[in-house]
Amino acid sequence: MSLFKARNWWSTILGEKEEFDHGCLCLANVDNSGNGQDKIIVGSFMGYLRIFSPHPTKTGDGAQAADMLLEVDLRDPVLQVEVGKFVSGTEMLHLAVLHSRKLCVYSVSGRDLICIQSIDGMLMVFEQESYAFGRFLPSFLLPGPLAYSSRTDSFITVSSCRQVESYKYQVLAFATDADKRQETDQQKLGSGKRLVVDWTLNIGEQALDICIVSFNQSASSVFVLGERNFFCLKDNGQIRFMKKLDWSPSCFLPYCSVSEGTINTLIGNHNSILHIYQDVTLKWATQLPHIPVAVRVGCLHDLKGVIVTLSDDGHLQCSYLGTDPSLFQAPNVESRELNYDELDVEMKELQKIIKDVNKSQGVWPVTEREDDLSVSVVVSPNFDSVSQATDVEVGTDLVPSVTVKVTLQNRVVLQKVKLSVCVQPPLELTCDQFTFEFMTPDLTRTASFSAYLKRSYTPSELEGKAVVSYSRPTGIPRVIQCKFRLPLKLICLPCQPSKTASHKVTIDTNKSPVSLLGLFPGFASQSDDDQVNVMGFHFLGGSQVTLLASKTSQRYRIQSEQFEDLWLITSELILRLQEYFEKQGVKDFACSFSGSMPLQEYFELIDRHFELRMNGEKLKELLSERAVQFRAIQRRLLTRFKDKTPAPLQHLDTLLDGTYKQVIALADAVEENQGSLFQSFTRLKSATHLVILLIGLWQKLSADQIAILEAAFLPLQEDTQELGWEETVDAAISHLLKTCLSKSSKEQALNLNSQLSIPKDTSQLKKHITLLCDRLAKGGRLCLSTDAAAPQTMIMPGGCTTIPESDLEERSVEQDPTEQFTNHRHLTADTSRPDLRPEDCFGNPQLTRALHSLRLVPSSLATSPQEAAWDTFLTPAALPRRSTSGNLQTPCSPKSLPHLGVPEPW
């Protein structure tokens with residue numbers, strides 16, 4: 001921080017959220033007044049032109065209304081403003097305004113010429129109102145700063161090769177016309193001279209600005225502001241001096257120095273500091289309230305040397321250098337002798353108080369029960385009369401929206417309270433950011449916005465969050481979070497139930513079934529009494545879900561053609577059932593799930609998501625290769641164009657055009673795959689929520705255990721380029737299997753890979769998920785404590801029976817009731833092969849693991865087959881069967897699953 005600050009003489013803020021650059025500021029007597037006073041002319045990228053005549057103001061006062069001479073909307077972005085004699089027949093000054101595609105001269109006359117540099121490297125020269133000629137700069141790639149030297153009659157610029165280049169006006173005038181650039185090589189050679197550079201200087205960096213300074217007729221200097229250096233050049237391109245800068249500059253302005261033979265330069269930087277150099281010597285540094293993008297020096301109301309700065313957000317300030325005298329005098333300190341005995345007694349008392357407070361309240365002090373700010377959210381029960389949905393991609397004609405109101409009430413004075421609201425895609429909000437000021441206590445502020453479905457697929461959650469961040473009067477930051485739930489009717493409509501479906505889930509309860517018309521009052525398609533136990537839901541994304549309630553049992557079935565769409569209706573059903581029985585005063589209501597875990601359907605969604613991830617990586621690699629190829633062809637073409645003796649292109653232009661089309665096509669494919677990946681990840685999250693819910697109902701997990709599952713299966717809100725869902729979930733599940741769900745100390749000693757990377761396939765992840773369900777079925781419980789990671793018992797929890805999946809398993813259970821197990825996959829072998837020996841299984845690891853999971857081989861078999869006692873564990877009669885085709889089969893029929901409770905006809 002600088003000791004001296006720029007003293008504010010006059011300042012104002014221009015517009016709201018406007019942008020400016022270094023060409024948007026000019027100082028001149030634009031109205032040709034007799035007093036010769038300079039005026040401030042400012043143009044903005046929003047198209048506004050303002051002219052100010054500042055008057056000195058008192059401290060704390062802003063700009064007065066009389067200071068603004070003109071404010072007009074030109075309806076086009078203003079790139080640069082200059083004052084000069086731009087109109088023939090008069091000596092009056094006029095204002096030239098450069099727009100993106102046109103140049104306008106306003107009430108100005110003069111004999112100055114105008115040169116405009118286009119973005120493709122063309123210099124267009126205007127002689128007053130007439131267009132003179134246009135020339136293309138050689139080896140041009142990107143436009144750089146451009147300045148004109150009147151002493152040498154040259155245009156000086158910095159090219160993309162990081163070279164300062166000078167072109168004589170005479171050479172420009174007699175060079176090849178830009179309009180004939182597309183002619184043949186022979187016509188181009190005969191139509192005029194080649195545009196030859198006068199001199200060049202390699203500065204090794206891009207330039208921010210160029211300024212030509214000539215304070216006498218004998219010499220002039222070319223000042224170039226680079227990204228890290230400041231150069232002063234002679235007319236012939238030789239370096240007069242240079243200065244290495246230790247900060248990033250933003251603008252500069254050379255001006256005449258009081259010392260003869262020296263030049264002063266104002267340089268602003270991104271640290272909001274303005275440096276004043278005399279040649280290479282730092283003479284002054286002053287602090288500014290903003291980062292300047294343009295700086296000028298002028299004479300305003302007989303005050304010479306006023307520094308005018310402009311920021312990119314429209315902060316315009318007139319400053320002068322110097323310091324204001326400080327009238328504050330420090331009072332005399334009364335000297336007295338210190339009594340160290342009294343200080344020791346006081347210190348001991350304070351230490352005792354601190355110790356007592358820490359014992360009673362802990363490390364952190366107990367806060368008041370009444371919060372500084374209270375937040376509540378109310379979701380309207382009805383749709384908006386006029387839908388607020390915009391730019392929707394849903395196939396239906398009308399997408400409804402619902403209003404959400406967030407109410408904030410403060411207890412103390414709070415400033416800059418920020419409210420952020422978020423919902424799960426494809427749900428969208430009309431506004432999600434709000435800022436409030438609570439200048440007095442007990443104020444109420446309300447923020448209203450609408451929520452709607454933006455894209456044609458189903459969200460994974462209907463829950464939203466309203467997060468409020470603020471700072472307490474003591475400076476401590478605080479965050480308050482409030483959750484709300486959007487209505488189900490926002491994303492689906494009632495429809496006719498479907499009798500058939502590919503995916504079904506059955507939820508058991510311990511209470512009598514409830515009428516679906518009472519649970520879902522807004523989704524009844526018919527009023528017949530026969531339809532009270534059946535209801536259909538049609539999502540706006542296109543899929544349908546059917547909900548059935550059993551007439552004779554305490555079960556509910558949810559079925560659909562899409563597995564992931566079962567989640568929202570299932571969770572909504574359980575939530576509404578809990579609310580219904582709470583209102584009835586029933587406290588022992590519970591839901592359970594006794595069917596088979598739908599892991600195969602879940603694995604299909606995982607494979608689809610992983611396939612899209614791999615496709616995205618391949619497309620990005622191809623896009624990178626085509627981009628490298630495109631740049632290589634560009635270099636070859638630039639080499640051909642720069643050659644003094646033209647050579648045939650050898651179809652390089654055709655190759656460039658084809659590569660460009662491939663790059664565009666690959667970029668479109670990457671965007672399309674990214675959209676499909678995001679949609680697939682949303683569906684995967686819905687299916688993951690459903691699987692976690694079913695596991696919790698199946699094993700009657702507590703809320704803490706379900707939270708651990710959600711943290712393991714849903715660690716990411718979305719996939720990123722560095723981290724994906726598959727490797728993150730695999731690491732989390734592996735950690736659970738090696739800690740709280742481990743079967744032996746050997747598993748606990750295994751170390752996880754500390755570096756996550758995209759896997760080759762999903763087989764390992766699916767294996768770990770299956771193993772997680774298997775260990776939970778065998779009595780494993782989830783916990784965060786490492787002490788609980790003890791070997792798990794094989795006894796099923798109370799109230800659970802075994803889950804045999806074949807006749808072989810049923811016989812095994814009958815023979816040894818103490819050895820119970822749950823298996824999700826089976827391996828069959830051929831009983832007609834009496835020559836099958838245990839040694840034949842060692843070449844097939846999959847068969848070995850399957851036999852081990854069926855308790856047909858000891859656990860030591862996988863490591864030391866010589867010590868295995870096969871006679872007592874494996875007999876030919878106990879072997880599973882093999883199909884006639886030789887493929888391993890997994891027979892599973894309803895008759896072999898008596899514990900699943902096959903539902904009666906619906």
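Conventions we followed
Residues numbered from 1 in each chain as written. Predicted model: local features only at pLDDT ≥ 70, side-chain atom pairs only at ≥ 80, totals over all residues. Heavy atoms only, no water. Helix = DSSP H or I, 4+ residues; strand = E, 2+ residues; numbered from the N terminus. Buried < 20%, exposed > 50% of the residue type's maximum accessible area, 1.4 Å probe, protein only. Axes fitted to C-alpha atoms, helices over the stretch in contact; angles between N-to-C directions. Parallel < 35°, antiparallel > 145°, perpendicular 65-115°, else oblique. Contact = heavy atoms within 4.5 Å. Patch = residues over 30% accessible without salt bridge, like charges linked within 9 Å, V, L, I, M, F, W, Y side chains within 5 Å. Areas by Shrake-Rupley, 256 points an atom, 1.4 Å probe, with all protein chains shown as cover. Salt bridge = Lys/Arg side-chain N within 4 Å of Asp/Glu carboxyl O. pLDDT = per-residue confidence, 0-100. Pairing = 2+ DSSP bridges. Left-handed = near helix turned anticlockwise from the far one by under 90°.

Asker: I would appreciate a short explanation of unusual backbone geometry in the present structure.
Answerer: Excluding glycine, residues mostly have negative phi values, and the peptide bonds linking residues are mostly trans. Of note, the bond from P425 into P426 is cis; its omega dihedral lies within 30 degrees of zero at 10 degrees. With respect to the element layout, P426 can be found in the loop between β29 (414-422) and β30 (427-429). The backbone of D153 shows a phi angle near 55 degrees, a positive value even though the residue is not glycine. Within the secondary structure, D153 is located in the loop between β12 (146-149) and β13 (154-158). The class for D153 is partly exposed, based on a relative accessible area of 30%. At D279, a position not held by glycine, the phi torsion is positive, near 60 degrees. Within the fold, D279 resides in the loop between β22 (273-278) and β23 (281-287). Residue D279 is classed as partly exposed on the basis of its relative accessible area, which comes to 21%.

Asker: Help me understand the packing of helix α6 (residues 599-642) against helix α9 (residues 725-738), please; the structure alone is not making it clear to me.
Answerer: Packed helices, taken two at a time, are described by their axes: the angle between them and the distance between them. Look at α6 against α9: their axes get within 10 Å of each other, and the N-to-C directions meet at 130 degrees. On the basis of the axis angle, α6 is oblique to α9. Taking contact as the criterion, the partners of Y602, I606, H609, F610 and R613 in α6 are, on α9, W725, E726 and E727.

Asker: What exactly am I supposed to notice about a nonpolar patch on the surface here?
Answerer: On the surface, L338, Y340 and L343 cluster together into a nonpolar patch covering about 330 Å² of accessible area. Mapping L338 onto the fold places it in the loop between β26 (315-320) and α3 (340-361).

Asker: Mind showing me how you'd approach the confidence of the model for the protein here?
Answerer: If pLDDT is low for a region, its predicted coordinates should not be looked at in detail. For the protein, per-residue confidence averages 78 on the pLDDT scale, and 78% of positions sit at 70 or higher. The low-confidence segment residues 181-192, where pLDDT is below 50, has nine contacts with residues more than four positions distant or belonging to other chains.

Asker: Got a minute to help me understand the pairing of strand β32 (residues 444-453) in this structure?
Answerer: A regular strand places its side chains on the two faces of the sheet in alternate fashion. Here nine bridges tie strand β28 (residues 401-410) to β32, and the two strands are oriented antiparallel to one another. Among the inter-strand pairings, K405 is bridged to a residue of β32, identified as S448. Both β30 and β32 contribute to a ladder of three bridges, which runs antiparallel. Directly across from L429, in β32, lies its bridge partner A451.

Asker: I keep staring at the side chain of S44 and nothing clicks. Help me out?
Answerer: Note that S44 resides in the loop between β3 (39-43) and β4 (48-52). The contacts of S44, once residues within four sequence positions are left out, are E18, E19, F20, R50, P77 and V78.

Asker: How should the sheet that holds β29 be read in this particular structure?
Answerer: Sheet strands pair by backbone hydrogen bonding; their relative direction is either parallel or antiparallel. The sheet built from four strands is open, its strands ordered β31-β29-β33-β34 with antiparallel pairing. Here the strands that pair on one side only, and so sit at the sheet edges, are β31 (433-438) and β34 (477-485). Strand-to-strand twist in this sheet, taken as the mean axis angle between neighbours without regard to direction, amounts to 20 degrees. In this sheet, β31 lies alongside β29 in antiparallel orientation, the contact comprising five bridges. The residue bridging L419 from the neighbouring strand is F434, located in β31.

Asker: In this structure, what is going on with the packing of helix α7 (residues 652-699) against helix α8 (residues 703-713)? I would like to understand it.
Answerer: Between α7 and α8, whose axes approach to 10 Å, the crossing angle comes to 155 degrees. In this view, α7 runs roughly antiparallel relative to α8, as classed from their interaxial angle. Along this stretch, α7 crosses α8, giving a crossing that reads as right-handed. In contact with T688, I692, I695 and G696 of α7, α8 contributes I706, L709, E710 and F713.

Asker: Please clarify how the environment of I708 should be interpreted in this entry.
Answerer: If you trace the backbone, I708 turns up in helix α8. Separated by 74 residues in the primary sequence, I708 and L782 have C-alpha atoms spaced 7.1 Å apart. Discounting residues that sit within four places of it in the chain, I708 has contacts with L736, L782, C783 and L784.

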